[in-house]
Amino acid sequence: MNLTKNLKGNGGSRAGRLSLDPVRDWWATAPGTVRWAVYLALIVGALLLPSEAVGSFMAPSGSDWATMLSDQIGIYVLLALGLNVVVGMAGLLDLGYVAFYAVGGYTIGIFATKYGWNFWETLLLAIGLAALSGVLLGAPTLRLRGDYLAIVTLGFGEIIKKTASNSDYVNGPRGIQGIPHPPSLSEFEILGVQPLKYGLLDSRPYYYLLVFFIVLTIIFVKRMENSRVGRAWSAIREDEDAAELMGVPTFRFKLAAFAIGAAIGGSGGVVFAAKQTSINPENFVFLVSALILAAVVLGGSGNIPGVILGAFMLAWLPERFRELQDYRMLLFGAALVAMMVFRPEGLWPSRRRKAELEEGTGGMGTMGAEVAGPVTAGAGVAGEAAEVKK
Amino acid sequence: MLLEISDIHVHYGKIAALKGVSAEVEQGEIVTLIGANGAGKTTTLKTISGLRPLSSGRIVFDGQDISRMPGHKRVLAGIGQSPEGRGIFPGMTVEENLLMGAYARKGDVSKELNEVYELFPRLAERKSQAGGTMSGGEQQMLAIGRAMMAKPKVLLLDEPSMGLAPKLVQQIFEIILEINRRGCTVLLVEQNAQQALQIAHRAYVLETGRVVKSAPARDLLDDPEVRAAYLGGDLGEAASQSDAADDAPAADDAETGDVRKG
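Residues numbered from 1 in each chain as written. Chains lettered and ligands numbered in written order. Predicted model: local features only at pLDDT ≥ 70, side-chain atom pairs only at ≥ 80, totals over all residues.

Where an unreviewed UniProt entry is consulted, chain B appears under the name ABC transporter ATP-binding protein, with the organism given as Actinomadura rubrobrunea.

As named in an unreviewed UniProt entry, chain A is Branched-chain amino acid ABC transporter permease, taken from Actinomadura rubrobrunea. UniProt's Subcellular location (unreviewed entry) comment on chain A is quoted here verbatim: "Cell membrane". (UniProt positions renumbered as here; feature names shortened; annotations may be inferred.)

Right, here's the structure in full:
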């Protein structure tokens, strides 16, 4: 209660802005049964989302709503949740997140077409390999901070893409074709859908598969957030040196955040490849990393519902306004800029993140600290420069 | 000997910040490091707590060589630090900040929590306020309280008086004395040399990465050179005047050396 009062008291300019505080207060005191009812309603809502009635509003211009949900929105939400672990929870700026998505896609591409592994086997392998690549990237680079880490991860994303397009083993720029769909689990039919039969014609089963992955990811990440690991991540994000002084093994936890984020991104890549049946290096360009990062920041870095909302908007808006044709990207860009000017904490930020932002660290741990605070700015950057020189 | 640092050298890139600092802290003492901006005080503390790696030299704590021990393990060994600029977690509440202080410890921490609240009644009043929204003085109390949560054998304090009103400075120094009375050894880094020398048992004077003087704190209060350079007195003496003039460019050099200082 005290917290709310102070936050409100701080920002006079804040008055009149959309505040989620009443909802948060209600949610914080809501009994368990109410919470479960809400969770259940959300899942049912997600399952009913591909229906025609919703589609006619969401995608009126003729593009297939169910395909939009599975190919764009579902994938973006899953990737944003994964990147949120790295950026939102641990405060590490990763500009090469697409690399892990690519690792997932190429894992199923290689093992399914060359070795005949099935979807579920490659899924497990891809999660493992993506996590491993997260550790391999993180081990040498996580000693860097803020902007420097961002540049290194950016490079890593490009390396993966260039390697794929220059390697004959994966057909270079032509990519891998003929990736099998997941084996159908059952033929049963409900309301005209066969939700567990994965084929070419119906996108909905893939969407349900993604919903399943997303729900699992949310449960996993939420449990992480409320554990010792989550507390360590918050501490690292808010002040890495202070976290180390509290006895938090900062390096190990940063590595864990990278590995977990990467594993989630890898699983997204597997579903994407299995749905498309073909992948090529152009699927894994920097723009994907940038959009996923934008989704996280736009939605409310660190807050799971916010990140989902951000990813949804980012994937959906450009498709929804196809009738604007070439102007839609211009308007989309303008909307992003306006959003960050008027609501820098994101559409649906967490309370804690708002407090961090107001304090001046930009709510992004070391990443923001070096640009925002007048006290730390010059010295911090110079310090990092010296560190890099070593 | 509780803490013994011998001939430590620390570099930021190619720039040497510490060029062979040696110091000792006995159980139960308050020892202070004083010196101008960029003399290497903060770097010394960061090296002891493990935030900066050593280039050479040795740190022995409680009979154990900790020179290569990672920072988070030194907390368990018994080194607590209130960092420069306080290092409060801005998004966490006061109580969450304090509990982070006990992160490395296992078991019940309510006793230490109560002790901190008793030492700093102000923090008890603000338990659920976000750390980042508190005043400078309150944040400093929180930083010290948080370090106490780990039950350190030695408490490293980096400029606890920085940016505080004189009345609050007084209060913070009284609390440091109280913490020491309760059996915690204190290593204090201060620019406010006057105050620091009044509460410390012994003091080291740092200049451009070297210890230039070490003596009981009382003696340094009367030392003409120290008075001239750090306490703002007796500038009439010819000897100390030339000393002070020497200091100025040297301090500038060191400023670039110790880049992390704000």
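There is more to say, and it comes next.
Peer 1: Outline the overall build of chain A, listing residues and values.
Peer 2: Across its full length, chain A holds 18 helices and zero strands. Of all intrachain contacts in chain A linking residues separated by at least 6 positions in sequence, the fraction that spans at least 24 positions is 72%. (Helix = DSSP H or I, 4+ residues; strand = E, 2+ residues; numbered from the N terminus. Contact = placed C-beta atoms within 7 Å.)

Peer 1: So, the overall build of chain B: which residues are in play, and what are the values?
Peer 2: Looking only at helices and strands, chain B features eleven helices and ten strands. Intrachain contacts of chain B at a sequence separation of at least 6 include 66% that bridge at least 24 residues.

Peer 1: So what's going on with the sheet that holds strand 2 (residues 15-25) of chain B? Residues and values would help.
Peer 2: Sheet strands pair via backbone hydrogen bonds, and the direction of the pair is either parallel or antiparallel. Residues and elements named next belong to chain B. Spatially, 2-1-4-5 is the arrangement adopted by the four strands of the open sheet, whose pairing is antiparallel. Of all strands in the sheet, those with a lone pairing partner are strand 2 and strand 5 (64-65), marking the two edges. Direction of pairing for strand 1 (residues 3-12) relative to strand 2: antiparallel, over a ladder of eight bridges. What sits directly across from Tyr12, in strand 2, is Ile15. (Pairing = 2+ DSSP bridges.)

Peer 1: Explain the packing of helix 9 (residues 204-225) of chain A against helix 12 (residues 250-276) of chain A residue by residue, including any values.
Peer 2: Residue and element names in this part refer to chain A. Where helix 9 meets helix 12, the closest approach of the two axes is 11 Å, and the angle between their N-to-C directions is 175°. By the criterion of interaxial angle, the relationship of helix 9 to helix 12 is roughly antiparallel. On helix 12, the residues that touch Tyr206, Leu209, Leu210, Phe213 and Thr217 of helix 9 are Ile264, Ser267, Val271 and Lys275. When grouped by side-chain class, the residues that make up the contact of helix 9 with helix 12 number six nonpolar, two polar and one charged. (Axes fitted to C-alpha atoms, helices over the stretch in contact; angles between N-to-C directions. Parallel < 35°, antiparallel > 145°, perpendicular 65-115°, else oblique. Nonpolar A, V, L, I, M, F, W, Y, C, P; charged D, E, K, R; others polar.)

Peer 1: Which residues make up the sheet that holds strand 10 (residues 210-216) of chain B, and what values go with them?
Peer 2: All names here are of chain B. In space, the six strands of this open sheet follow the order 6-7-8-3-9-10, with mixed pairing throughout. Two strands in the sheet have a free side with no partner beyond their single neighbour: strand 6 (79-82) and strand 10. When the angles between neighbouring strand axes are averaged without regard to direction, this sheet yields 20°. Where strand 3 (residues 30-35) and strand 9 (residues 202-207) come together, five bridges link them in parallel fashion. Looking at the pairing, Leu33 lines up with Tyr204 of strand 9. Where helix 1 (residues 41-49) meets the sheet, its contacts fall on strand 3, strand 6, strand 7 (154-158), strand 8 (185-190) and strand 9, and the angle it forms with strand 7 comes to roughly 145°. Across the sheet, helix 7 (residues 166-181) lies against strand 3, strand 7 and strand 8, angled at about 155° from strand 8, the strand it touches most.

Peer 1: Lay out the nonpolar core with the relevant residues and their values.
Peer 2: Burial of nonpolar side chains together is a common tendency in soluble globular proteins. A:Tyr76, A:Ala80, A:Leu210, A:Ala257, A:Ile292 and A:Ala295 are the most contacted members of the largest nonpolar core, which has 165 residues in total. Residues contacting A:Tyr76, with those up to four places away along its chain left out, are A:Ile292, A:Ala295, A:Ala311, A:Leu314 and A:Ala315. (Core = buried A, V, L, I, M, F, W, Y, C linked by C-beta atoms within 7 Å. Buried ≥ 20, exposed ≤ 12 C-beta atoms within 10 Å, placed from the backbone.)

Peer 1: An account of the UniProt feature "transmembrane region" (unreviewed entry) in chain A is needed here, citing residue identities and associated values.
Peer 2: UniProt annotation of "transmembrane region" (unreviewed entry) refers to residues 36-61, 73-92, 123-142, 205-221, 255-274, 286-317 and 329-348 of chain A when read in the numbering used here. As annotated, residues 329-348 of chain A has a helix share of 70% and a strand share of 0%, and its two end C-alpha atoms lie 23 Å apart.

Peer 1: I'd like to hear about unusual backbone geometry, residue by residue, with values.
Peer 2: All names here are of chain B. Unlike most non-glycine residues, Asp7 shows phi in positive territory, near 50°. Structurally, the position occupied by Asp7 is in strand 1. For Asp7, a count of 12 C-beta atoms within 10 Å gives the class exposed. In this model, Glu159 sits at a positive phi of 50°, which is unusual for a non-glycine residue. Within the secondary structure, Glu159 is located in the loop between strand 7 and helix 7.

Peer 1: Quick rundown of the pairing of strand 1 of chain B? Include the residues and the values.
Peer 2: Strand residues, when the strand is regular, have side chains that alternate between the two faces of the sheet. Residue and element names in this part refer to chain B. Taking the residues that link successive antiparallel strands as the turn, the strand 1-strand 2 hairpin has two residues, and the phi of Gly13 there is positive, at about 60°. Looking at chain direction, strand 1 and strand 4 (residues 56-61) are connected through five bridges and run antiparallel. Within strand 4, the position partnered with Ser6 by the bridge is Arg58.

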